[in-house]
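The residues making up each chain are set out below.
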Amino acid sequence: MSARHHLIRRGVCCALALLPALVSGQEDYPGPAQAAPQAAAKAPAGTEVGRPGTWRDRLTPFHDPLRTEPASLRQPLAVPLPPDLLATPPGARPRPDAGGLLPTEWPCATRPSASSAGGPQHALGLLQAAQAQAPQPGQPYRLSLPTAIHLALCHHPQVRASWSTVAQQAAQLGQARSAYWPQLAAGVGRQRSRAGYSGAAAPAETVWATRQHAVVSWRLWDFGARGARADAAQAQLQAALRTQDATVRKALADVLQAYGEAQAAQARLATQHSLRPLAERGVQAAQRRLAGGAGSGNDVLQAAAALARTNLELSRSQGELDKAHAQLAYLLGLPSGTAYRTEAAEPAPESAGGAGPRGEGDDPHRLLARSLDDWLSQASQGHPAVLAARAQWQAAQASLQAVQSEGLPTLDFSLAHYRNGRPDMAPAASRSRESVVGLSLNIPLFDGFAHTYKVRAAQALVEQKAAELQATEQQTRQDIVQLHAEARAALNNLQAARSLYAVSAEAAQSAQRQYDQGAADIVQFNQSLGNLQQAQLELARSRTDWNKARLRLWLQDTALE
């Protein structure tokens, strides 16, 4: 018996010795997206990047032994930006590998920084760092669109929460894969037992015992239940990654919308500022004609009314600009009252027609050159929302397979060694050693129909996720169709607005010259001034609508790549 006990003890010791080697050699386990990133390799063992180590990290020195965390979890977000958007803002790292686009990494948009992102003052510091030169006291900051994207990705609450969601699903995948590994438990205990006998001459007996035990258990076969759970967790992780991508796209779309509204309000204000001198010159010309006897007091009143209307529109435009700036500042996490200015939607009204009669320069990436069928085909295959819904459906299918496998037999292997009794036994006066090796086959027979209803619930979940996938595909196609039509209409409207502005500007200048020379009355002059005002507003609105439409279309295009 001693030789047999010695052989079993050697087996237990070998299992204990091989376990760390197995943990360190998990290359055979297929991890998602090339496992541990370089940032984690540079961190101390057992700690996360940007997180202090604890006593738990010392007890479990392996940060991700099963290689479940995707590489993107520890890398900055990379957002492809069109090169014509402007120069890359400070703090971003451009990567020149993008075919017409400029993939830009944002170091502040990472998982460690997401949990410790600063407040409004931190966002203000990023805005100050993005300035080419410090503004003079009282002057507003310059807020470009890339800088606005930078602030949104670093401070948007939903984007920051998406990092934790991905990390949670990666941990769920690790829990599912841990079922393939053996379970090891060891313990030691010191016990004292005193037994007294009443009515007998025998003295009381006191026994001291030190117990030790080591147990290794390993599930050898379960008819695919562990594999199905791992597949479900893998699909959930992919769904979380796609959802994070969709969340980033949604945040960018919100920034584009708010930034476009601020641009439109700023363009309307600039329009009213440019029209005010014309209205003032009209009042001065009416007064000169009245003083020379060629005009009437009615002409002066009408010219003054035109100037008053311009001042009213100027005041309204200023209020709309303040409102748009407040909404954009809230979205970007800037302190309330921060003075900044966006970039102009149109470089200059004089150069409105410089893009050519067909506007070749308005669509540098030729997004509208592709047919609608191409857009719909790519959206059904590669849109983040569709991919996330499809991953959820695949996870439900894997969960159904796991539930179905729960009603099948399982085979377990166990290896145990006990010294001086088992943990749940009373201590004995003599020393003992016990070694146990066994195989256990568990066959479920009846559980009160609980397993039947679990399968039905899992089947219903699969049907629900399939319906949600279909609804997501339909909604995505609808969004693509609407966006494509809006972009094409916006480009056509821009060309028409440029032509309207050019004609209205010439007509206003001609009416002013005729009025100065007495060849036109004040009604004609005011009418030409109103037409020019409307043409400038239409040009600014059309340019803003096209900017928003093309950037949203570009956003869809980068999501489908």
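Residues numbered from 1 in each chain as written. Predicted model: local features only at pLDDT ≥ 70, side-chain atom pairs only at ≥ 80, totals over all residues. Heavy atoms only, no water.

1. So, the sheet that holds strand S5 (residues 183-195)
Strand order in the open sheet made by the 4 strands is S5-S6-S8-S9, with antiparallel pairing throughout. Only two strands of the sheet have a single partner each, and these edge strands are S5 and strand S9 (433-442). In this sheet, adjacent strand axes meet at a mean angle of 20 degrees when their direction is disregarded. Relative to strand S8 (residues 410-419), strand S6 (residues 205-221) is paired through 9 bridges, and the arrangement is antiparallel. (Pairing = 2+ DSSP bridges. Helix = DSSP H or I, 4+ residues; strand = E, 2+ residues; numbered from the N terminus. Axes fitted to C-alpha atoms, helices over the stretch in contact; angles between N-to-C directions.)

2. A look at helix H8 (residues 225-291)
Helix length check: H8 (67 residues) gives 99 Å between terminal C-alpha atoms against 99 Å at 1.5 Å per residue, within 8%. One or two steps after H8, the chain reaches Gly293, where phi turns positive at roughly 85 degrees. (Expected span 1.5 Å × (residues − 1).)

3. Observations regarding the side chain of Asp64
One can find Asp64 in the loop between helix H3 (55-59) and strand S1 (77-81). Despite its burial, Asp64 remains without a salt bridge, the nearest opposite charge being carried by Arg67 at 6.1 Å. Only 3.0 Å separates the side chain of Asp64 from the backbone nitrogen of Glu69, close enough to count as a polar contact. (Buried < 20%, exposed > 50% of the residue type's maximum accessible area, 1.4 Å probe, protein only. Lys, Arg positive; Asp, Glu negative; His and termini not counted. Salt bridge = Lys/Arg side-chain N within 4 Å of Asp/Glu carboxyl O. Polar contact = N/O pair within 3.5 Å; in protein donor to acceptor, adjacent residues only side chain to side chain.)

4. Some words on the pattern of salt bridges
If you walk through the whole model with that rule in mind, you get 13 salt bridges. Between Arg226 and Asp222 there is a salt bridge, with its nearest N and O atoms 3.0 Å apart. The same class applies to Arg226 as to Asp222, namely buried. With a shortest N-O distance of 3.3 Å, Arg276 and Glu280 are connected by a salt bridge. Of this pair, Arg276 and Glu280 both sit in helix H8, 4 residues apart, roughly one helical turn.

5. So, a nonpolar patch on the surface
A contiguous nonpolar surface patch, about 600 Å² in accessible area, is contributed by Trp218, Leu220, Trp221, Phe223, Leu408 and Leu439. Sort the elements by how many residues they give to the nonpolar patch and S6 lands first, with 3 residues. (Patch = residues over 30% accessible without salt bridge, like charges linked within 9 Å, V, L, I, M, F, W, Y side chains within 5 Å. Areas by Shrake-Rupley, 256 points an atom, 1.4 Å probe, with all protein chains shown as cover.)

6. Here's the deal with the packing of aromatic side chains
Using the criterion set out here, one finds 2 aromatic pairs in the structure. Both rings, one in Trp221 and one in Phe223, keep their centres 5.9 Å apart while their planes meet at 70 degrees; by these two values the pair is edge-to-face. A relative accessible area of 42% places Phe223 in the partly exposed class. Note on Phe446 and Phe449: the rings are 5.2 Å apart at their centroids and 90 degrees apart in plane angle, and the pair reads as edge-to-face. (Phe/Tyr/Trp six-rings, centres within 6.5 Å; stacked < 30°, edge-to-face > 60°.)

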